[in-house]
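Listed here are the chains, written in short residue letters.
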Amino acid sequence: MGKRKKLSGRMTAICGVFVLALSVTLGLLGVYTYKENVRERYEQYAETIIRIAGSYIDIEDMVQCIQTGEKTESYLRTQFQLDNIKNRSNVEYLYVIRPLNTAEVDNAMYVWNAVTAEEQETYQEINSLGDLSGEGFNGKMAESFMMAMGNGDEVTFYANNTADFGYMLTGMYPLRTMDGQTAALACVDISMNQINQDIMQYIFLMLCGTLVVGTVFLFVILRLVDKSMVSPLLQVSQSTEDPMQQSNSEVDQSRQADRR
């Protein structure tokens, strides 16, 4: 009985370590895959929004507005469309800027800044055509803007974390003139705080599921191991010990008979 407990204990420890390692590995792979899939969906959503916004912009008229600082009828119609897009979508910010430099302040000039109806009533000041960005974009963000200006028609993304806005995923779409020059960037910001909350919830569910499945798996494995390995080994051990014990008993009886 003691040998059986000892052998079963060893097998339990081995199987337990194996199940734990397998569960952790699968959990990490699951979290990584989930995070990548979630971010990919956010990027696809951001690209859709930003390309729709770009389709409403008359780029040649925009260049004229940037040069003169005056808002044309086309400009105002575009402002209405961008505001409407933001009202109907789940984005934090939707704006068009012209990057100027990579300094920490005043590194970009606003062309459009979409606002919802609620924001129009709440905000005292709303950046518009010709306004500088101030401290709105840090130096690293400004660098990503400058790089995006040279990416043709490709939408690029930049993930940033600031104390004011938290985690943000920014999509940047170059707006190019008829002669191929990039005049400005259409940008959209989507909060990644929800992504982190989704990941934490997924990790919790993954751990709970892994614990339940691992416990059941461990129980089944131990039952199979006990039935197919432990019991046969103990039977072999006992069958080997019995003849030895019988032989030793016969020798003792023979010695006792000789003494008599």
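This text goes with the structure placed above it.
Residues numbered from 1 in each chain as written. Predicted model: local features only at pLDDT ≥ 70, side-chain atom pairs only at ≥ 80, totals over all residues. Heavy atoms only, no water.

### A few points about the overall build of the protein chain
So the rule is basically this: Each helix corresponds to a stretch of at least 4 residues labelled H or I by DSSP, and each strand to a stretch of at least 2 residues labelled E; elements are numbered beginning at the N terminus. For every residue, the accessible area (1.4 Å probe, protein chains only) is compared with the maximum for its type, and the residue is labelled buried under 20%, exposed over 50%, or partly exposed between those bounds. Between two residues, a contact is recorded if the distance between any of their heavy atoms is within 4.5 Å. Computed with a 1.4 Å probe, the accessible areas rest on the Shrake-Rupley method; for each residue, only the protein chains presented here act as cover.
A tally of helices and strands in the protein chain yields six helices and five strands. Along the protein chain, from the amino end to the carboxyl end, the secondary structure elements read α-α-α-β-β-α-α-β-β-β-α. For the protein chain, the proportion of its 260 residues judged to be buried stands at 35%. Relative to all contacts within the protein chain whose residues are 6 or more apart in sequence, the contacts with residues 24 or more apart total 65%. Just so you have it, the protein chain exposes about 16,600 Å², and 55% of that area is on carbon and sulfur atoms.

### Observations regarding the nonpolar core
For the record, the criterion: In plain words, nonpolar cores are sets of buried Ala, Val, Leu, Ile, Met, Phe, Trp, Tyr and Cys residues tied together by side-chain atoms within 4.5 Å.
One finds Met62, Val96, Val111, Trp112 and Leu175 to be the most contacted residues of the largest nonpolar core, which totals 32 residues. Within the residue set of this core, elements represented by two or more residues are helix H1 (2-55), helix H2 (59-68), helix H3 (73-88), strand S1 (93-99), strand S2 (108-113), strand S4 (166-176) and strand S5 (182-191). The greatest single-element share of this core, amounting to six residues, is contributed by H1. Residues contacting Val96, with those up to four places away along its chain left out, are Ile57, Met62, Met109, Tyr110, Val111, Trp112, Leu175, Ala184, Leu185 and Ala186. If you look at the next biggest cluster of nonpolar residues, it comprises 13 residues, including Ile97, Met141, Phe145 and Met172.

### Regarding the sheet that holds S5
Here is the rule: Two strands qualify as a pair provided DSSP detects at least 2 bridges between them. Between the N-to-C directions of two axes lies an angle of 0 to 180 degrees, each axis being a line fitted to C-alpha atoms and, for a helix, fitted only over the stretch in contact.
The strand order across the open sheet built from five strands is S2-S1-S5-S4-S3, with neighbouring strands paired in antiparallel fashion. One side of each edge strand has no neighbouring strand; the edge strands of this open sheet are S2 and strand S3 (156-162). Looking at each pair of strands side by side, their axes are set apart by 30° on average, direction ignored. Summarising the sheet, S3 and S4 pair through seven bridges and their orientation is antiparallel.

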